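So you can see what is in the structure, the chains are spelled out below.
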Amino acid sequence: MKLKKTFSPAAPPHWRAHHSSEMRFWLFSLALLPLLVVNLIFHFTEMLRLIFFSIASGFFFDYVSFLLGFQRFRFDTHTLLTSFLFSFLIPFGTPFWAIVAAVFLAVFVAKNCFGGWGNFIFQPVFLARASLFIFLPESVESFREFEAISNSFFHGFFEPHTVIAANVSALAVLLGGIFLIERRLVSWKVPCFFLLSLCGLSYVMGQNVAGIVLRGEILIAAFFIVTDAASPIHSFGKILSSIGTAVLIVFMNHSLTTVEAVTYGVLMMNGVTPLIDRYLPNRFVWVKK
Amino acid sequence: MKIFRQDIRFDDYKDLSLSTITFKRASLPDEIQVYLQQHQGHPAIPVVHQGDHVEAGAVLAVAQGDFSAHVHSSISGKVSLATSEWIRVESDGSEDSGSFLKEVKSWRDVSREEILSGIFDAGIVGMGGEGFPAYFKIKNAEKKGSLLIINGCESEPFLTSDYFLMVSRATEIIYGAELLLKASGREKCIIAVEDNKLEAIELLLSKARALHVKNMEVKTLPARYPQGSEAELIRSLSRSKALGAGVPLIHNVATAFAVYEAVRYKKPLIERMVTVTGHCVVEPKNLWCRIGTPASHLVQNCKGFLRDPIRVIFGGPMSGLAITNLDTPIIKATRGIVALAPEFSGEGEEKPCTRCGLCLNVCPEELSPELLIRVIQKENGALAKEFRLSSCTECGNCTFICPSKIPIQKILKIGKTNLLHESFPQSFQAPVDGISQVVLG
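Residues numbered from 1 in each chain as written. Chains lettered and ligands numbered in written order. Predicted model: local features only at pLDDT ≥ 70, side-chain atom pairs only at ≥ 80, totals over all residues. Heavy atoms only, no water.

Caption draft 1: The overall build of chain B, seen in detail. For chain B, the helix and strand inventory stands at 15 helices and 17 strands. Taking the principal axes of the C-alpha coordinates as reference, chain B spans close to 60 × 55 × 40 Å. The buried share of chain B, reckoned over its 441 residues, is 60%. Contacts in chain B between residues far apart in sequence, at least 24 positions, make up 74% of those at least 6 positions apart. A total of about 16,800 Å² of accessible surface is found on chain B, and carbon and sulfur atoms cover 51% of it. (Helix = DSSP H or I, 4+ residues; strand = E, 2+ residues; numbered from the N terminus. Buried < 20%, exposed > 50% of the residue type's maximum accessible area, 1.4 Å probe, protein only. Contact = heavy atoms within 4.5 Å. Areas by Shrake-Rupley, 256 points an atom, 1.4 Å probe, with all protein chains shown as cover.)

Caption draft 2: Seen up close, a nonpolar patch on the surface. Residue and element names in this part refer to chain A. The grouping of Leu30, Leu33, Val37, Ile41, Phe42, Phe158, Leu171 and Leu175 at the surface amounts to a nonpolar patch, some 730 Å² of accessible area in total. If you list the elements that add at least two residues to the nonpolar patch, you get α2 (33–42) and α8 (170–182). Tallying contributions element by element places α2 first for the nonpolar patch, with 4 residues. Mapped onto the secondary structure, Leu171 falls in helix α8. What makes Leu171 partly exposed here is its relative accessible area of 33%. (Patch = residues over 30% accessible without salt bridge, like charges linked within 9 Å, V, L, I, M, F, W, Y side chains within 5 Å. Salt bridge = Lys/Arg side-chain N within 4 Å of Asp/Glu carboxyl O.)

Caption draft 3: Representation of the pairing of strand β17 (residues 336–340) of chain B. Residues and elements named next belong to chain B. Among the 5 residues of β17, 5 are classified as buried, and the element is accordingly described as predominantly covered. Both faces of β17 are covered, namely the face carrying Gly336, Val338 and Leu340 and the face carrying Ile337 and Ala339. Note that strand β15 (residues 311–314) and β17 share 4 bridges and pair antiparallel. Note that in β17 the partner of Phe314 across the bridge is Ile337. (Pairing = 2+ DSSP bridges.)

Caption draft 4: Here's a closer look at the nonpolar core. Core analysis: the largest hydrophobic core is formed by 77 residues, its most contacted members being Phe88(A), Phe126(A), Phe194(A), Leu198(A), Ile220(A) and Phe224(A). Once residues lying within four places of it in the same chain are set aside, the contact partners of Phe194(A) are Ile218(A), Ala221(A), Ala222(A), Val226(A), Ser242(A), Thr245(A), Ala246(A) and Ile249(A). (Core = buried A, V, L, I, M, F, W, Y, C linked by side-chain atoms within 4.5 Å.)

Caption draft 5: Seen up close, the domain arrangement of chain B. Residues and elements named next belong to chain B. According to the domain assignment, chain B consists of domain 1 (120–265) and domain 2 (358–428). When each unit is reduced to the centre of its C-alpha atoms, the spacing between domain 1 and domain 2 is 29 Å. Contacts between the two partners involve 8 residues from domain 1, matched on the other side by 6 residues from domain 2. Of the roughly 510 Å² buried between domain 1 and domain 2, counting both surfaces, carbon and sulfur atoms make up 50%. It is Tyr225, Pro226 and Arg235 in domain 1 that bury the most area against domain 2; as a group they hold 61% of the surface buried on that side. Taken together, the connections running from domain 1 to domain 2 amount to 1 salt bridge. Glu365 is the partner of Arg235 in a salt bridge, and the nearest nitrogen-oxygen pair spans 2.6 Å. The interface formed by domain 1 and domain 2 contains 3 residue pairs in polar contact (both at pLDDT 80 or more). Of the residues that constitute the side of domain 1 that touches domain 2, the class distribution is 3 nonpolar, 2 polar and 3 charged. (Domains from an automatic or database assignment. Buried area = accessible area lost by both parts, 1.4 Å probe. Polar contact = N/O pair within 3.5 Å; in protein donor to acceptor, adjacent residues only side chain to side chain. Nonpolar A, V, L, I, M, F, W, Y, C, P; charged D, E, K, R; others polar.)

Caption draft 6: Representation of the environment of Gly131(B). Inspection of the secondary structure puts Gly131(B) in the loop between α1 (112–121) and α2 (134–140). With 94 residues separating them along the chain, Gly131(B) and Gln37(B) place their C-alpha atoms 9.8 Å apart.

Caption draft 7: Representation of helix α12 (residues 235–252) of chain A in the model. Here α12(A) spans 26 Å end to end across 18 residues, near enough to the 26 Å set by a 1.5 Å rise per residue. For α12(A), the full list of buried residues reads Gly237(A), Lys238(A), Ile239(A), Ser241(A), Ser242(A), Gly244(A), Thr245(A), Ala246(A), Ile249(A), Val250(A) and Met252(A). (Expected span 1.5 Å × (residues − 1).)

Caption draft 8: Structural view of the packing of helix α3 (residues 44–68) of chain A against helix α5 (residues 96–112) of chain A. Residues and elements named next belong to chain A. One can describe the packing of α3 onto α5 by two numbers: an axis separation of 9 Å at closest approach and a directional angle of 40°. Classified by the interaxial angle, the pair formed by α3 and α5 is oblique. The two elements α3 and α5 meet at a crossing, and its hand is right-handed. Between α3, through Arg49, Leu50, Phe53, Ser54, Ser57, Gly58, Phe61, Asp62, Val64, Ser65 and Leu68, and α5, the contact on the second element is made entirely by Phe96, Ile99, Val100, Val103, Phe104, Val107, Phe108, Lys111 and Asn112. Within the contact of α3 with α5, the residues separate by chemical class into 12 nonpolar, 5 polar and 3 charged. (Axes fitted to C-alpha atoms, helices over the stretch in contact; angles between N-to-C directions. Parallel < 35°, antiparallel > 145°, perpendicular 65-115°, else oblique. Left-handed = near helix turned anticlockwise from the far one by under 90°.)

Caption draft 9: How the structure looks around the side chain of Thr79(A). As for its placement among the helices and strands, Thr79(A) is situated in helix α4 (residues 77–87). When near neighbours in sequence (up to four residues on either side) are disregarded, Thr79(A) contacts Gly58(A), Phe59(A), Asp62(A), Gln71(A), Val107(A) and Lys111(A).

Caption draft 10: Seen up close, the interface of chain B and chain A. Listed by partner, the interface residues are 70 residues for chain B and 50 residues for chain A. Roughly 5,100 Å² of surface becomes buried between chain B and chain A when both sides are summed, with 58% attributable to carbon and sulfur atoms. Close ionic contact of Arg355(B) with Asp277(A) constitutes a salt bridge, the shortest N to O distance being 3.0 Å. Across the chain B-chain A interface, the total number found is 21 residue pairs in polar contact (both at pLDDT 80 or more).

Caption draft 11: Region of interest: unusual backbone geometry. Geometrically, the link from Pro12(A) to Pro13(A) is a cis peptide bond, its omega value of -5° lying close to zero. By secondary structure assignment, the location of Pro13(A) is in the segment before α1 (21–30). Of the consecutive residues Tyr225(B) and Pro226(B), the connecting peptide bond is found in the cis state with omega at -5°. Relative to the helices and strands, Pro226(B) resides in the loop between β11 (216–221) and α6 (230–239). For Arg184(A), which is not a glycine, the phi torsion comes out positive at approximately 60°. Even without glycine at this site, Lys266(B) takes up a positive phi of about 55°. Within the fold, Lys266(B) resides in the loop between α7 (253–265) and β13 (271–277). With relative accessibility at 46%, the residue Lys266(B) sits in the partly exposed group.

The following block contains the structure:
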């Protein structure tokens, strides 16, 4: 009997789980599919235009950073996810130059200049959104006008006449979120704590609870943003930071629109992430010596 | 505290080697190679010369002090080569290895000292994989606690040798645990078994009842990796409030069986149960093997390879040692030989970390591997101490789960030696890999 007798040396563990980071990013993008379908039904050409400009400029700036040497991958799935997510969070009718400039900030500055993938400090999508408020102050006005109407009555899960694509269907975002939880890409606790604390706080502050929680962008923040790499890595830290984000959103919702409150709340809480990562595992966690 | 605990769960493929009801004795090898340091501590000193004729069970090398163990020949034959590191014995073809056994008549009434000397004379070491000399372990743990744990967890995937031993030799294991209890002076004994080995639990419970043993309890623990490691075992038992005062003494079920044989029959540790398994082996099964048998001989006992494995592992795929040559002999602590099929290795290019947090969720010690890697890269010893790098048990969960294929465990091990200056006990594993190179070229 002839057997293969020599093998190359290797360090344990000798088997690995069959998944990859790219696969996870693809699945995150897949979770946005229901929202895309609903938007294509109501705003076919406009949605395609937004997606085309954000994804095309995303890959353009990614390729530029690849040529400059601070991006490892020629085709980065995370860039696809970032620009795809971004196209759902900008107002319909945004001029193409504003999209390109915001995506430049998201992909080139916020993501690749900081080291890509897990190294960015501020959530690239929301950083780009914050910059869009500066590029296009009139878009903030349109949010304000829209919220003046929408807060007065409860819309439910389908609202075709909204300002941004994410708000068209909260149900579609929820479906995507359930898919993420089912595939264990996102722990169920973080969105739950985020939404529950948002509910409780907005009720205490006397705001319209359903009008805040059942909005597509809040749900996108719950499932895609507060669970991602810019939030603390510790699962307990993620819950803490999501509660902090909810507090900031409710406080800022007094004077700002909800769109701005979510954006600034997430970005402010991202700044606290290194602090939570540094001290949480040792100071506040019960350690068996 | 982890508010919600996430466990790592994978297919354990234990059913591969469970298809045969009884275990078989492996056929007689042409020659054995016995390494003189197949245990932690000091190597044994050879007492035979080249050309000597040895019987099965004869002492080949004597222990160098307490923190060491005797090494015996598992076949009868001629010593063809004897160096200070290993001894090769060529078989003379006589299969009989039971002639040297002599039963001690009143073995249940032997004194504590006699048990201890029996354990020492038989050269028993921890057979769960760590290879710590049993005599030294018992001596060291004297008057330090009240609990003895017999570890029958075997949480490593693929391996079933302890399970088979518990099913086929339950009475002997209980007697062995009783002897260990007497030798260590502990008050209570817990046999811990994972809940995927119901047959073994039932058998141990019914035998313990039938034999009227006192101070013994069979405890069912949830099946999850790494339940079999000492730290996790203690944690699980302390969670169910079964842990008494002091430090518990932990021995493997295979060690308990060896102790029983050593005390009752004066049989040295020359044989053990080894699982030969993996998707590449034609007939995976458990074999009762002589220590020193080359792995290739055991694979041939299982009708060879179906296809070429990507690697052959001594121990389980999570924490075992990949051998570079199939003629490497098995040692006292080898629990199994796993021929891993190429589709399981799941290796890929190393990618940057995405901070997904999976490594933190699966760490049984609740460490932060992602942070520790950064600390090690910056060579910050104080921070490594603060993030409890020293309590890493190298279970390999973080590396298994990492979607970016970062060799986390390797980096943590480098950090442990470089930053904490930990002197690891001389492991039996590395030299065995060395021996195959010495022997074969």
